Amino acid sequence: MKILGIETSCDETAAAVVRDGREILSNVVVSQIDIFAEYGGVIPEVAARSHLEVMMPVIDIALADASCTWDDIDTIAVTHAPGLLGSLLIGTLTARTLAILHNKPLYAVHHLKSHVYANWLWQSQTSMLRSEARPAGPFASDVPSSAIRVPGGERSRVTDTTPRLASLRTPPYQSTDVYPPFPLIALVVSGGHTQILYMPAHNEFEIIGTTHDDAVGECFDKVAKILGLPYPGGPSIAKVALTGDADKYKLPHPKVEGLDFSFSGLKTAILRAVQKEVGVPISYPSHKLKDLLSDEQVADFAGSFQKTAVEILIEKLKIALQRYPEVKSIMLAGGVSANKMLRERVLAEFASRESEKTNLGARPCEVYFPTPALSGDNGAMVAVACYYEILSGVEPTDPYSLNIYPRISVED
Ligand code: KG4
Ligand code: ZN
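Residues numbered from 1 in each chain as written. Chains lettered and ligands numbered in written order. Predicted model: local features only at pLDDT ≥ 70, side-chain atom pairs only at ≥ 80, totals over all residues. Heavy atoms only, no water.

Visitor: When you look at the pairing of strand β2 (residues 12-19) in this model, what are you seeing that I'm missing?
Guide: Where burial is concerned, most of β2 is hidden: seven out of the eight residues are buried. Two strands pair when backbone bridges link them, and strand β1 (residues 2-7) and β2 are joined in this way by six bridges, in the antiparallel orientation. Looking across to β2, one finds that Gly 5 is bridged to Ala 16. Here β1 folds back onto β2, and the loop between the two strands holds four residues. When β2 meets strand β3 (residues 23-31), the two strands line up antiparallel, connected through eight bridges. In the sheet register, Ala 15 faces β3, and the bridge partner there is Val 28. Where β2 folds back on β3, the antiparallel hairpin that results is connected by three residues, among which Asp 20 adopts a positive phi of roughly 50 degrees. (Buried < 20%, exposed > 50% of the residue type's maximum accessible area, 1.4 Å probe, protein only. Helix = DSSP H or I, 4+ residues; strand = E, 2+ residues; numbered from the N terminus. Pairing = 2+ DSSP bridges.)

Visitor: How should I be thinking about the nonpolar core in this particular structure?
Guide: Nonpolar side chains tend to gather and get buried jointly when the protein is soluble and globular. Within the largest apolar cluster, 55 residues are counted, with the highest numbers of intra-cluster contacts made by Ile 185, Leu 227, Phe 263, Phe 305 and Val 346. For this core, the secondary structure elements donating two or more residues are β8 (184-189), β9 (194-199), α6 (216-227), α7 (233-241), α8 (264-278), α9 (295-323), β11 (329-333) and α10 (340-351). Among the elements that make up this core, the one with the highest residue count is α9 (twelve residues). Setting aside anything within four residues of it in sequence, one finds Phe 263 in contact with Thr 194, Thr 211, Asp 213, Asp 214, Ala 215, Val 216, Cys 219, Ala 309, Ile 312 and Leu 313. In this structure, Ala 16, Val 109, Phe 182 and Leu 197 belong to the second largest nonpolar core, which totals 34 residues. (Core = buried A, V, L, I, M, F, W, Y, C linked by side-chain atoms within 4.5 Å. Contact = heavy atoms within 4.5 Å.)

Visitor: Honestly, the packing of aromatic side chains in this entry has me stumped. Any pointers?
Guide: For any pair of aromatic rings, geometry is given as the distance between the ring centres together with the angle between the planes. The tally for this structure, following the rule as stated, stands at ten aromatic pairs. Centre to centre, the rings of Tyr 117 and Tyr 388 are 5.1 Å apart; their planes meet at 15 degrees, and the pair counts as stacked. A residue pair is termed long-range when its members are at least 10 positions apart, and Tyr 117 in helix α4 (residues 111-117) and Tyr 388 in helix α13 (residues 379-391) qualify at 271 residues. Side by side, Tyr 117 and Tyr 388 carry an identical accessibility label, which is buried. Taken together, a centroid distance of 3.8 Å and an interplanar angle of 0 degrees make the contact between Tyr 249 and Phe 301 stacked. Within this pair, whereas Tyr 249 is found in the loop between α7 and α8, its partner Phe 301 is found in helix α9, the two being separated by 52 residues in sequence. (Phe/Tyr/Trp six-rings, centres within 6.5 Å; stacked < 30°, edge-to-face > 60°.)

Here it is, written out as C-alpha cells:
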C-alpha cells in the first residue's frame, strides 16, 4: 500500500510517499525557516501564503521522487489538527481536492499521532536503540539530505529518499506485528506541544502529562531570542551549548505536580539571570540584552538552559515509569527529540544497563527515537500514522466535508 502523506500544520510544506507504513519512497520538506529567521518566529499569514506557493510543486516532486503516478497511490493522508489555521487549511483543501479529482480514500491525521509514528519508519529503526545493543553512531542522520531548488520557489528543500535502503537491516517483523513492545509511553516534544502519551496499543492514546503553559520547543525558541541566537532556537541553542558551561547558572525546576509540565517560568528565570549577569534592571527590554552578552556568556546560558530543560523532561519520564510499571518502551517524538543531549540522557537513564544499578526510579526499557531528519515536521510520518489507522479499522473521511481543528487533542 502506497500512501501520500501531506503536512502543513506549521511552517514546513511537506509531502511523502510511504510504502506499507514503513518504507519511505520519497520525503520532500520545504522549510520556511529562512523567512521566519528574519522575524524570529512564525507569522501565520505568511506561513499560509508560503504553503500555497509550494504545495503543488512539493506534491509533484514527492510523486516523481517515488517514481509514482496517481494510479500508484492508494490513499491520501493529511494533517487536519492541531496547528495554525491558515496552514492547516492549505494542506487539507489540497488533499480534499486531490482525493476527489483522483478518486482516492482520504484520511485526516492528528499531528502528534504522526510525530509518534515517525518511529515506525524503517529509517528511524536504524537509530532504534535497545538496552543490549547500542550502535556506534546513533546521532548521525542516516537519511541522506540535499538542498535543491524547488520549481517556482527560491527556498531550498530537503529530500529524504531511500537509496540506502538496501543497507538497512530487514526488520524481523511484519508491519502488522506488535512493534515496538506495548504498552509504551511517548514523550512528544515540539514547538507547540509537550505531552506524555500512554499508548497501550496501536492507534490508542491517553494523555498522561501535558504542559500548563509553553511547550518546551517554544521555550527553546524564546530563550534563543533573549540570547540573540537565530530561529529556530532549538538547534541554535544546542550548537552554542557545546562550548558552554552547563553548570554555570543554576536554574529552577518548575514545581508542577505529577506528569504535567510548565516551561514559562524557566524562560523568565533565564531572562532574570541574564539581566542580573549584565547588571540591568528587570524593566530593561529583553530584545536589547543580546548586545550586552559576550559569546562565552551566551554559550554558558544556552548550556545551562538546555541542561535544565532536559533534566525536567527526564524527571517526568521517571515519574511516568513509576506510575506505569507495565511500560515496556519509551519513545521520543517531535522537533525537540532531535536534541542530542535529550537523546543521550534518555538513553543513559532508561536504556543502559548502568541505569539498572544507579537509578532507583528508572528501569531499563527499550528506547526509540526518530532519526533527526524525521523528528521535525514531514509528510512521511503522516503517511505511516494513516497506515496504522487503516490497520486499526478507521474509515476514510469525507473529502467534501473534512474540517480542520487547530486545537483538538490527540484523545479526541
Ligand atoms: O515538531 P516540530 O518540527 O514542529 C512543531 O510541531 O512544533 O518542532 C519544532 C520545534 C522548535 O521549537 C525547534 O526549536 C525545536 O523543535 N527543535 C529543537 C531541536 N531541533 C528542533 N529543540 C531542541 N534541540 C534541537 N536540536
Ligand atoms: Zn510538529
